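These are the residues of each chain, in order.
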Amino acid sequence: MDTRKRIFSGIQPSGNTHIGNLLGAIRHWAARQTENDNLFCVVDLHAITVYQDPAELKKHTREMAGLLLAAGISPQHSILFVQSHVSAHAELAWILNCVIPMGWMSRMTQYKEKSKNRENVSVGLFDYPALMAADILLYQTHQVPVGEDQKQHVELARDTAQRFNNLFGETFTIPEPVIAGNGARIMGLDDPTKKMSKSSPRAEGVILLLDPPDAIRTKIRRAKTDSLSGIVFDEGRPGLYNLLVIYELVTGLGRSEIEDRFTGKGYGVFKNELAEAVVEYLRPLQTRYAEFTADPARLDSILAEGAAKARPLAEQTLKLVKERVGLG
Ligand code: AQP
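Here the structure is a predicted model, which is why all the values come from computation and not from measurement. (Residues numbered from 1 in each chain as written. Predicted model: local features only at pLDDT ≥ 70, side-chain atom pairs only at ≥ 80, totals over all residues. Heavy atoms only, no water.)

Participant: Any details on the site of the ligand? Residues and values, ideally.
Facilitator: In the neighbourhood of the ligand, 24 residues make up the surrounding shell, with Lys114, Asp149, Ser197, Lys198 and Ser199 lying closest. Side-chain polar atom of asparagine 21 to an oxygen atom of the ligand: 3.1 Å apart, as the coordinates give it. Methionine 196 places a main-chain nitrogen or oxygen 2.9 Å from a nitrogen atom of the ligand. Protein chains bury 97% of the 640 Å² of accessible surface belonging to the ligand in isolation. Mapped onto the shell around the ligand, the elements with two or more residues apiece are β1 (6-11), α1 (19-31) and α6 (109-115). Sort the elements by how many residues they give to the shell around the ligand and α1 lands first, with four residues. Looking at the shell around the ligand residue by residue, the classes come out as seven nonpolar, 12 polar and five charged. (Near = heavy atom within 4 Å. Polar contact = N/O pair within 3.5 Å; in protein donor to acceptor, adjacent residues only side chain to side chain. Areas by Shrake-Rupley, 256 points an atom, 1.4 Å probe, with all protein chains shown as cover. Helix = DSSP H or I, 4+ residues; strand = E, 2+ residues; numbered from the N terminus. Nonpolar A, V, L, I, M, F, W, Y, C, P; charged D, E, K, R; others polar.)

Participant: Lay out the packing of aromatic side chains with the relevant residues and their values.
Facilitator: Throughout the structure, instances matching the rule amount to 10 aromatic pairs. Geometrically, the ring pair formed by tyrosine 111 and phenylalanine 126 is edge-to-face, given 5.0 Å between the ring centres and 80 degrees between the ring planes. You can see tyrosine 111 sitting in helix α6 and its partner phenylalanine 126 sitting in helix α7 (residues 123-138), a full 15 residues away along the chain. Considering the side-chain rings of tyrosine 247 and phenylalanine 270, the 5.8 Å spacing of their centres and the 65 degrees angle between planes classify their relative orientation as edge-to-face. Taken as a pair, tyrosine 247 in helix α10 (residues 238-251) and phenylalanine 270 in helix α12 (residues 267-293) lie far apart in primary sequence, 23 residues in all. (Phe/Tyr/Trp six-rings, centres within 6.5 Å; stacked < 30°, edge-to-face > 60°.)

Participant: Give me the pattern of salt bridges: which residues, what numbers.
Facilitator: Applying the stated criterion across every chain yields a total of 18 salt bridges. Across the salt bridge formed by glutamate 91 and lysine 322, the nearest N and O atoms sit 2.6 Å from each other. Highlighted residues: glutamate 91 in helix α4 (residues 88-97) and lysine 322 in helix α13 (residues 296-325), separated in sequence by 231 residues. Relative accessible area serves as the criterion here: at 33%, glutamate 91 is assigned to the partly exposed category. Among the charged side chains, a network of salt bridges with common partners joins Asp214, Arg217 and Glu276. (Salt bridge = Lys/Arg side-chain N within 4 Å of Asp/Glu carboxyl O. Buried < 20%, exposed > 50% of the residue type's maximum accessible area, 1.4 Å probe, protein only.)

Participant: I'd like a description of α12, backed by residues and values.
Facilitator: If you check α12, its first and last C-alpha atoms are 37 Å apart, about what 27 residues at 1.5 Å a residue would give, namely 39 Å. Residue arginine 283 marks the point of greatest curvature in α12, where the axis turns by about 35 degrees; the proline proline 284 follows within four residues. Looking at α12, one finds that the buried residues are Tyr267, Phe270, Lys271, Leu274, Ala275, Ala277, Val278, Val279, Leu282, Leu285, Tyr289 and Phe292. As for α12, its buried residues are in contact with α1, α3 (54-70), α9 (213-221), α10 and α13. (Expected span 1.5 Å × (residues − 1). Bend = angle between axes of the 7 residues up to and from the residue. Contact = heavy atoms within 4.5 Å.)

Participant: Describe the environment of serine 84, with residues and values.
Facilitator: Turning to its location among the elements, serine 84 is positioned in the loop between β3 (78-82) and α4. For serine 84, a relative accessible area of 35% translates into the label partly exposed. Along the backbone, serine 84 and aspartate 44 are 40 residues apart, and their C-alpha atoms lie at a distance of 6.5 Å. Residues contacting serine 84, with those up to four places away along its chain left out, are Asp44 and Leu45. At a separation of 2.5 Å, a polar atom in the side chain of serine 84 contacts the side chain of aspartate 44.

Participant: An account of the nonpolar core is needed here, citing residue identities and associated values.
Facilitator: Residues Ile19, Leu68, Ile246, Phe270 and Val278 are the most contacted members of the largest nonpolar core, which totals 57 residues. Looking at this core element by element, the count peaks at 11 residues for α12. Among all residues touching leucine 68, those that are not within four sequence positions of it are Ile11, Ile26, Trp29, Val42, Ile73 and Leu80. Counting residues in hydrophobic clusters, the runner-up holds 41 residues, among them Leu92, Met105, Phe172 and Leu318. (Core = buried A, V, L, I, M, F, W, Y, C linked by side-chain atoms within 4.5 Å.)

Participant: How would you summarise the environment of lysine 319 if you had to cite specific residues and measurements?
Facilitator: Tracing the backbone shows lysine 319 in helix α13. The exposure class of lysine 319 is exposed, given its relative accessible area of 54%. When the C-alpha atoms of lysine 319 and glutamate 280 are compared, they prove to be 48 Å apart, with 39 residues separating the residues in sequence.

Any functional reading would require information beyond the geometric quantities listed.
So this is what it looks like as structure tokens:
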């Protein structure tokens, strides 16, 4: 029996890729590559739902691809491509727009949060989940590994597939979100009640994958904690808990081992050790990133090859969708 699954996930090239993106999503993509058929996508059409400087967007798109390769995404095992290089994404999104009820979209919490206190929010930001549903459904995806914040959008993709299949006949595979237990929601260092986010207005709360060691040390030293004593995993102490989860994930140590290690020690010792552990965890990624980006022609050819592999898969689904709907 063939147990290989089709996996799809995406990440926006909006710059500022952070350790939350890595621990909540990217590392899982890299870890299970050989077991499955994978597509990983730099979702530039999603990034433009908020204004991006055109030259920066181009730069960030390549940077993002370089980071994914550096984090272990292998073109041998996965199709790595840029969303706008495969026009079927935008085309299917329009058709799905005509299937998704407004009420479903209005419930999306990410839109509510991102549009809060902002004037001139684009229609695209509201419609983001329809494009994400298109990304996922085009590839007849079984599983979508994402951080906690994207779960609701994957569920909307699943509901959309079901609704489409009911209306027009069996067309799409029904996808399911796969959320990592630990690390699925890394919080901001400056405010542990808010998730670490690329678009956070305060840089000190976000550990970037390309931060130099001293920047990482400073951010961790200044991370918001509490005045209680004891370095223990206690969700009631959100600042410390978030730092301990990061420590656990970057060192691979067990929770009781970690608590034993810091018995009788204070925040100073813990934060220093955490900073060094994060620096060492990111060092090989940063080295590989420098190698990949030193050869832009190679990077572009990996992305062109990825798009050439993704396109026929996407077009096959789009053709079926058009037939089902009665287009053409
Ligand atoms: N803080 C986080 N902890 C764990 N996982 C996270 N992800 C994002 N933030 C965290 C996961 O990273 C993947 C790629 O994210 P994205 O580019 O699609 O954008 P996002 O979810 O909106 O993430 P950001 O970094 O917070 O960007 P902005 O500020 O632009 O909104 C996803 O799987 C996501 O769940």
